[in-house]
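# A look at the structure
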Amino acid sequence: MELWDAYNADYEKIEGAVLVRGEDDTFPEGMYHLVCEVLVRHVDGTYLLMKRDPTKPMFPNMWEATAGGSALQGESDVEGALRELREETGIVADKLEFLDKSLGKHCWHVRYLCVTDCDKNSIKLQEGETCDYKWVSAAEVLAMTESELVGWQMKKFVK
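Residues numbered from 1 in each chain as written. Predicted model: local features only at pLDDT ≥ 70, side-chain atom pairs only at ≥ 80, totals over all residues. Heavy atoms only, no water.

### Some points on the environment of serine 76
Turning to its location among the elements, serine 76 is positioned in the loop between strand E6 (67-70) and helix H1 (77-89). Judged by its relative accessible area of 28%, serine 76 is partly exposed. When the C-alpha atoms of serine 76 and lysine 159 are compared, they prove to be 27 Å apart, with 83 residues separating the residues in sequence. (Helix = DSSP H or I, 4+ residues; strand = E, 2+ residues; numbered from the N terminus. Buried < 20%, exposed > 50% of the residue type's maximum accessible area, 1.4 Å probe, protein only.)

As structure tokens, then:
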């Protein structure tokens, strides 16, 4: 069972409130959890795309412009983003650049940029989450459509 801290519409943590993964449709009104998303840009200007595992219930086999997921109970948005980045790509970062945050139906989306000089062949796939990766130019990311790219909203940060 995965537990999440609850936040209100003003991005304030609600003390003592806990949300349980899988119960999205029963979240009390006005409570949201954190979803951390990390756009990865190599120092050479290319961007990392991860291919979602074919067993994923949503968007199987689609390319994703971010590494990310929900922050666990007790994690800040930065801690959740760093953990998800490490779990889904193997990239260990010591800092992230804040991009933006927005309120969704059941969650706050908090977006970061990781600029890395990692070995481009060292990306680790997370079983059940990702099945492939590729490094692409900004032009290639920007040319992708919503039907090709999960996290297409991140395109506004691609330069």
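### Examining the pattern of salt bridges
Opposite charge on two side chains allows them to pair when their charged atoms are near. Using the criterion set out here, one finds 11 salt bridges in the structure. Close ionic contact of lysine 13 with aspartate 5 constitutes a salt bridge, the shortest N to O distance being 3.4 Å. For lysine 13, a relative accessible area of 39% puts it in the partly exposed group. A relative accessible area of 8% places aspartate 5 in the buried class. Measuring nitrogen to oxygen at the nearest pair gives 3.1 Å for the salt bridge that ties glutamate 84 to arginine 83. Judged on exposure class, the residue glutamate 84 and its partner arginine 83 are both buried. A single network of salt bridges, built from pairs that share partners, joins Glu37, Asp100, Arg111 and Lys156. (Salt bridge = Lys/Arg side-chain N within 4 Å of Asp/Glu carboxyl O.)

### A few points about H1
Think of an α-helix as turning once every 3.6 residues; residues three or four places apart then point the same way. Taking 1.5 Å of rise per residue, the 13 residues of H1 would be expected to cover 18 Å, and the 18 Å separating its terminal C-alpha atoms lies within 8% of that figure. Looking at the buried residues of H1, the elements they touch are strand E3 (33-42), strand E4 (47-52), E6, strand E8 (107-116) and strand E9 (130-136). With its phi angle positive at about 85°, glycine 90 sits one or two positions after the end of H1. (Expected span 1.5 Å × (residues − 1). Contact = heavy atoms within 4.5 Å.)

### Focus on the environment of alanine 143
Mapped onto the elements of the fold, alanine 143 is located in helix H2 (residues 138-143). On the accessibility criterion, alanine 143 (59% relative accessible area) is exposed. Between the C-alpha atom of alanine 143 and that of lysine 155, which follows or precedes it by 12 residues, the distance is 9.5 Å.

### Details of the nonpolar core
Within the largest apolar cluster, 22 residues are counted, with the highest numbers of intra-cluster contacts made by Val40, Leu85 and Ile91. Of all the secondary-structure elements, those providing two or more residues to this core are E3, E4, H1 and E8. In this structure, isoleucine 91 is in contact with Val40, Leu48, Leu85, Arg86, Cys114, Thr116, Cys118 and Ile123, ignoring residues within four places of it in sequence. Judged by nonpolar contacts, the second largest core, of 15 residues, contains Ala65, Leu99, Leu113 and Val141. (Core = buried A, V, L, I, M, F, W, Y, C linked by side-chain atoms within 4.5 Å.)

### Description of the packing of aromatic side chains
Ring pairs (aromatic) are described by centroid distance and by the angle formed between their planes. Throughout the structure, instances matching the rule amount to four aromatic pairs. Taking 5.1 Å as the distance between ring centres and 75° as the angle between the ring planes, the aromatic pair formed by tyrosine 11 and tryptophan 108 counts as edge-to-face. Pair noted here: tyrosine 11 is in the loop between strand E1 (3-7) and strand E2 (13-20) and tryptophan 108 is in strand E8, with a separation of 97 residues, a long-range link. Each member of the pair, tyrosine 11 together with tryptophan 108, is buried. With centroids separated by 5.9 Å and ring planes inclined at 75°, the aromatic side chains of phenylalanine 98 and tyrosine 112 adopt a geometry described as edge-to-face. Of this pair, phenylalanine 98 sits in strand E7 (residues 97-103) while tyrosine 112 is found in strand E8, placing the two residues 14 residues apart along the sequence. By relative accessible area, phenylalanine 98 is classed as partly exposed at 44%. Judged by its relative accessible area of 5%, tyrosine 112 falls in the buried class. (Phe/Tyr/Trp six-rings, centres within 6.5 Å; stacked < 30°, edge-to-face > 60°.)

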